[in-house]
Amino acid sequence: MHRRTTGVSRRTVTKAAAGAGLAVLFGGRTAAALGSRTVDVSVSSAALGRSAPVRLILPSGFGSQPSRTYPVLYLLHGAHDDYTSWTRETDIEAFTEGRDLIVAMPDAGPTGIPTAWRGGPDYETFQLKEVPALLARDYRASGVRVVAGVSTGGYGAMAHAARHPGMFTAAASYSGILDTMAPGVPTLMDAIVARENLVPTSLWGNPFLNLLTWRDFNPRSRAAGLRGTALYVSSGSGLAGGTGDWLPEALESALWPSAHAFTDTLALQRIPVTTHFYAGGGHNWAYWKQEFTASWPMLARGLGVPQ
């Protein structure tokens, strides 16, 4: 897992943030400016029982247009990674230069599964209530939102949009876990949780004994809630047609049936979705960066910004 470095003095942060036109408060939350537009905010979260970070990329004219509000692009990270992944692995800051939107990259914990855990934190409430409230209060976010994510973040994008109809105008999943009850997928979810030295049943309980809970948090089971939301789903076949990089290709293969089951359910319910199912491919950023670019026109329409 990647960790961000710390150690910048409060005075330095305040000076940098002031020069960038970014608000810096210390107390209930802190904000550390990382550049002219990027800032890390530490949020005191009741849903998590701790402070948690969200990385923001603000519009170029944020400081000079104090009365303007902005739509928000939420980007969710994957398993065994953190909220810095999108800025570390992509050029999202440069990509959004000159576009009038806020990019929000909230923490989802070490597993990257942004849900209400049965035996612990509630990342769903953190991402969908506490972070939006912060953005509306302190960063002039409008009520227009889209969401996209990779891997377990792809799960989060579709689960959030399905469980909270109308909250997002568009949702995109890149190699996401979209049917958590498909054959073999509960075992995969357990393995993700166990890798972080957490008890697997602390997620949603036992997939058999707590079937209703698993179903409630399953994007495929909640597909009806996606009606009216613009959707993009991409996934690779992995080992079938792959190049021999076996681990990321095996992970991609494991999620291929889940993605198809999800989009098949959308088709049965006559819910439109743009899909890109491609031969081969690995469970990594080399593919996810391409898929974000491919889905951008849809996300831009949802945000109401030029492509």
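Residues numbered from 1 in each chain as written. Predicted model: local features only at pLDDT ≥ 70, side-chain atom pairs only at ≥ 80, totals over all residues. Heavy atoms only, no water.

When its secondary structure is counted, the protein chain shows nine helices and nine strands. For the protein chain, with 307 residues in total, the buried portion stands at 54%. Excluding contacts between residues fewer than 6 apart, the proportion of contacts in the protein chain whose partners are at least 24 apart in sequence is 69%. (Helix = DSSP H or I, 4+ residues; strand = E, 2+ residues; numbered from the N terminus. Buried < 20%, exposed > 50% of the residue type's maximum accessible area, 1.4 Å probe, protein only. Contact = heavy atoms within 4.5 Å.)

Right, let's talk about the pattern of salt bridges for a bit. Enumeration according to the criterion identifies 12 salt bridges in this entry. Note that Arg 88 is salt-bridged to Asp 81, the shortest N-O span being 2.8 Å. Look at Arg 88 and you get partly exposed, because its relative accessible area is 31%. According to the relative accessible area criterion, Asp 81 is buried, its value standing at 10%. A single salt-bridge network, built from bridges that share partners, covers Asp 81, Asp 82, Arg 88 and Glu 89. (Salt bridge = Lys/Arg side-chain N within 4 Å of Asp/Glu carboxyl O.)

With that settled, consider the environment of Arg 301. Among the secondary structure elements, Arg 301 is positioned in helix α9 (residues 285–303). When its relative accessible area of 58% is taken as the criterion, Arg 301 is described as exposed. Separated by 132 residues in sequence, Arg 301 and Thr 169 place their C-alpha atoms 8.8 Å apart.

Further remarks concern the nonpolar core. In terms of nonpolar packing, the biggest core is built from 57 residues, with Val 41, Leu 56, Leu 135 and Tyr 139 touching the most fellow members. What Leu 56 contacts, discounting residues up to four positions off in sequence, is Arg 37, Thr 38, Val 39, Val 41, Val 103, Ala 104, Met 105, Leu 135 and Tyr 139. Of all hydrophobic cores here, the second largest spans 24 residues; its members include Leu 73, Ile 92, Met 298 and Ala 300. (Core = buried A, V, L, I, M, F, W, Y, C linked by side-chain atoms within 4.5 Å.)

Here the focus is the confidence of the model for the protein chain. Per-residue confidence for the protein chain gives a mean pLDDT of 88; residues scoring 70 or more make up 88%. pLDDT under 50 marks residues 1–28. Its contacts with residues more than four places away, or in other chains, come to 40 contacts. (pLDDT = per-residue confidence, 0-100.)

Time to look at the packing of aromatic side chains. This structure, assessed with the given rule, holds 15 aromatic pairs. Considering the side-chain rings of Phe 62 and Tyr 70, the 6.2 Å spacing of their centres and the 40 degrees angle between planes classify their relative orientation as tilted. One aromatic cluster is present, formed by Trp 86, Phe 95, Trp 285, Trp 288, Phe 292 and Trp 296 through successive ring pairs. The aromatic ring of Phe 95 is capped on one face by Arg 99, whose charged end is 4.5 Å from the ring centroid. A cation over an aromatic ring shows up here: Arg 140 above the ring of Phe 62, its NZ or CZ 4.1 Å from the ring centre. (Phe/Tyr/Trp six-rings, centres within 6.5 Å; stacked < 30°, edge-to-face > 60°. Lys NZ or Arg CZ within 6 Å of the ring centre and 35° of its normal.)

Of all seven residues making up strand β4 (residues 70–76), seven are buried, and the element is well covered by its neighbours. Note: β4 against strand β6 (residues 141–150), six bridges, orientation parallel. Counterpart to Leu 73 in the pairing with β6 is Val 146. One ladder, built from three bridges, connects β4 with strand β5 (residues 102–106); its direction is parallel. (Pairing = 2+ DSSP bridges.)

Another point: the environment of His 80. With respect to the secondary-structure elements, His 80 resides in the loop between β4 and α2 (85–89). Spatially, the C-alpha atoms of His 80 and Gly 109 are 8.4 Å apart, while their sequence positions differ by 29 residues. At a separation of 2.6 Å, a polar atom in the side chain of His 80 contacts the side chain of Glu 196. (Polar contact = N/O pair within 3.5 Å; in protein donor to acceptor, adjacent residues only side chain to side chain.)

Phi is positive for His 80, which is not a glycine, with a value near 60 degrees. Look at His 80 and you get buried, because its relative accessible area is 16%. A positive phi angle, close to 55 degrees, is found at Arg 140, a residue other than glycine. Relative to the assigned elements, Arg 140 resides in the loop between α4 (123–138) and β6. For Arg 140, a relative accessible area of 19% corresponds to the buried category.

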